[in-house]
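Fold and contact review
Each chain, letter by letter, is given below.
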Amino acid sequence: DAKTTQPPSMDCAEGRAANLPCNHSTISGNEYVYWYRQIHSQGPQYIIHGLKNNETNEMASLIITEDRKSSTLILPHATLRDTAVYYCIVNFGNEKLTFGTGTRLTIIP
Amino acid sequence: DTEVTQTPKHLVMGMTNKKSLKCEQHMGHRAMYWYKQKAKKPPELMFVYSYEKLSINESVPSRFSPECPNSSLLNLHLHALQPEDSALYLCASSPFGLGTADEKLFFGSGTQLSVL
């Protein structure tokens with residue numbers, strides 16, 4: 001039972017903002033939206049997470065809609081090193097983190 | 001030290017061999033995880049230890065045997081594996097015990113296992 005829906009793939013030009021959408025229409029009130037990414041043959045890397053408010057850190061920004069049914073991860077100035085599979089995950093916290101199929105983001109030079 | 005270290009990075013074993021994968025973290029984290037990832041698929045949860053006790057076993061076959069000797073170390077003992085068990089095995093940790101809200105996981109780089 002997939003909790004999130006993401007496009008299977010996206011391209012973005014180097015230096016531009018990459019906007020990755022995620023739908024999570026069945027999210028519960030105490031569940032957070034997490035984003036991880038996995039660069040080829042490496043372990044997943046935490047990017048950002050949020051509950052209701054928009055969040056920003058040194059890697060990315062997370063925009064969550066007011067009804068919390070969807071969100072967007074923004075990489076403000078994409079580089080070639082941002083090419084990876086990006087996973088949007090809805091979870092209470094550290095319990096049974098379950099990965100969906102994610103979005104394969106390719107940064108084009 | 002903010003890393004989860006997995007050894008070995010690569011392992012080739014026969015179906016009759018016994019081997020172990022090792023995972024270490026020195027961040028004082030209290031929950032540790034094993035994930036399995038087949039090629040071009042997302043990671044799948046296998047086991048979770050919380051405060052050194054096995055808390056979740058996702059119906060993993062008994063040929064995989066986890067062990068948590070102390071709060072910094074997690075092992076995965078392998079015995080009589082099948083070729084279909086070939087995969088990337090990922091270890092992760094998180095600061096507090098299982099069921100903590102607002103928590104994130106830190107992953108190691110994984111062990112690429114090939115079973116011949």
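In this report, we go over the structure that sits alongside the text.

What counts, and where the lines are drawn
Residues numbered from 1 in each chain as written. Chains lettered and ligands numbered in written order. Predicted model: local features only at pLDDT ≥ 70, side-chain atom pairs only at ≥ 80, totals over all residues. Heavy atoms only, no water. Helix = DSSP H or I, 4+ residues; strand = E, 2+ residues; numbered from the N terminus. Rg over C-alpha atoms; globule rule 2.2 N^0.38 Å. Buried < 20%, exposed > 50% of the residue type's maximum accessible area, 1.4 Å probe, protein only. Contact = heavy atoms within 4.5 Å. Areas by Shrake-Rupley, 256 points an atom, 1.4 Å probe, with all protein chains shown as cover. Lys, Arg positive; Asp, Glu negative; His and termini not counted. Charge placed at Lys NZ, Arg CZ, Asp CG, Glu CD. Pairing = 2+ DSSP bridges. Axes fitted to C-alpha atoms, helices over the stretch in contact; angles between N-to-C directions. Core = buried A, V, L, I, M, F, W, Y, C linked by side-chain atoms within 4.5 Å. Phe/Tyr/Trp six-rings, centres within 6.5 Å; stacked < 30°, edge-to-face > 60°.

Quick look at the overall build of chain B now. Each helix and strand in chain B was counted, giving zero helices and 11 strands. Listed N to C, the secondary structure of chain B is β-β-β-β-β-β-β-β-β-β-β in terms of helices and strands. In summary, chain B has a C-alpha radius of gyration of 13 Å against a globular reference of 13 Å for 116 residues, a match within 12%. Overall, the C-alpha framework of chain B stretches about 40 × 25 × 25 Å when taken along its three principal axes. Put simply, chain B has 116 residues, and 46% of those count as buried. When contacts within chain B are restricted to residue pairs at least 6 apart in sequence, those whose partners lie at least 24 apart make up 56%. With the model as given, the accessible surface of chain B reaches about 5,600 Å², and the carbon-plus-sulfur share is 50%. Separation between the mean location of the 12 positive side-chain charges and that of the 11 negative ones in chain B comes to 7 Å.

Take the pairing of strand β7 (residues 70-75) of chain A next. All names here are of chain A. Note that strand β2 (residues 18-23) and β7 share six bridges and pair antiparallel. What sits directly across from Asn23, in β7, is Ser70. Of the pairings in the sheet, the one linking strand β6 (residues 61-64) to β7 comprises four bridges and is antiparallel in character. Following the sheet pairing, Leu62 is matched in β7 by Leu73.

Here we take up the sheet that holds strand β7 (residues 64-70) of chain B. Residues and elements named next belong to chain B. On the basis of which strands lie adjacent, the open sheet formed by four strands has the order β1-β3-β8-β7 and antiparallel pairing. The open sheet has two edge strands with one neighbour each: β1 (4-7) and β7. Direction aside, neighbouring strands of the sheet carry axes that sit 20 degrees apart on average. Sheet topology note: the strand β3 (residues 18-25)/strand β8 (residues 73-79) ladder contains seven bridges and is antiparallel. Bridge assignment links Ser20 to a residue of β8, and that residue is His77.

Core analysis: the largest hydrophobic core is formed by 22 residues, its most contacted members being Trp34(B), Phe64(B), Leu76(B) and Leu78(B). Elements supplying a minimum of two residues to this core: β2 (10-13), β3, β4 (31-37), β5 (44-50), β7, β8, β9 (87-94) and β11 (111-115) of chain B. When residues no more than four places from it in sequence are discounted, the contact partners of Leu76(B) are Lys19(B), Ser20(B), Leu21(B), Trp34(B), Met46(B), Phe47(B), Phe64(B), Ser65(B), Pro66(B) and Tyr89(B). Counting 21 residues, the second-largest nonpolar core is a separate cluster that includes Cys22(A), Ile27(A), Trp35(A) and Tyr86(A).

Quick look at the environment of Asp82(A) now. Residue and element names in this part refer to chain A. Residue position: Asp82 is located in the loop between β7 and β8 (84-91). On the accessibility criterion, Asp82 (12% relative accessible area) is buried. C-alpha separation for the pair Asp82 and Thr106, spaced 24 residues apart in sequence, amounts to 7.7 Å. Setting aside anything within four residues of it in sequence, one finds Asp82 in contact with Arg37, Leu75, His77, Leu105 and Ile107.

Moving on, we get to the packing of aromatic side chains. If you walk through the whole model with that rule in mind, you get 10 aromatic pairs over all chains. On the basis of an interplanar angle of 75 degrees and a centroid distance of 5.8 Å, the ring pair of Tyr36(A) and Tyr46(A) is categorised as edge-to-face. On the criterion of sequence distance, the pair formed by Tyr36(A) in strand β3 (residues 32-38) and Tyr46(A) in strand β4 (residues 45-50) is long-range, its members being 10 residues apart. As far as the burial class goes, Tyr36(A) and Tyr46(A) line up, both buried. For the ring pair Phe64(B) and Tyr89(B), a centre distance of 5.8 Å and an interplane angle of 35 degrees mean the geometry is tilted. Highlighted residues: Phe64(B) in strand β7 and Tyr89(B) in strand β9, separated in sequence by 25 residues. Assigned by exposure class, Phe64(B) and Tyr89(B) land together as buried. One aromatic cluster in this structure is built from Tyr32(A), Tyr34(A), Tyr36(A), Tyr46(A), Tyr87(A), Phe99(A), Tyr35(B) and Phe107(B).

Moving on, we get to the environment of Met27(B). Residue and element names in this part refer to chain B. Within the secondary structure, Met27 is located in the loop between β3 and β4. Assessed through its relative accessible area of 21%, Met27 is described here as partly exposed. For Met27 and Leu74, which are 47 residues apart along the polypeptide, the C-alpha to C-alpha distance reads 14 Å.

Read these as spatial facts, not as claims about activity.
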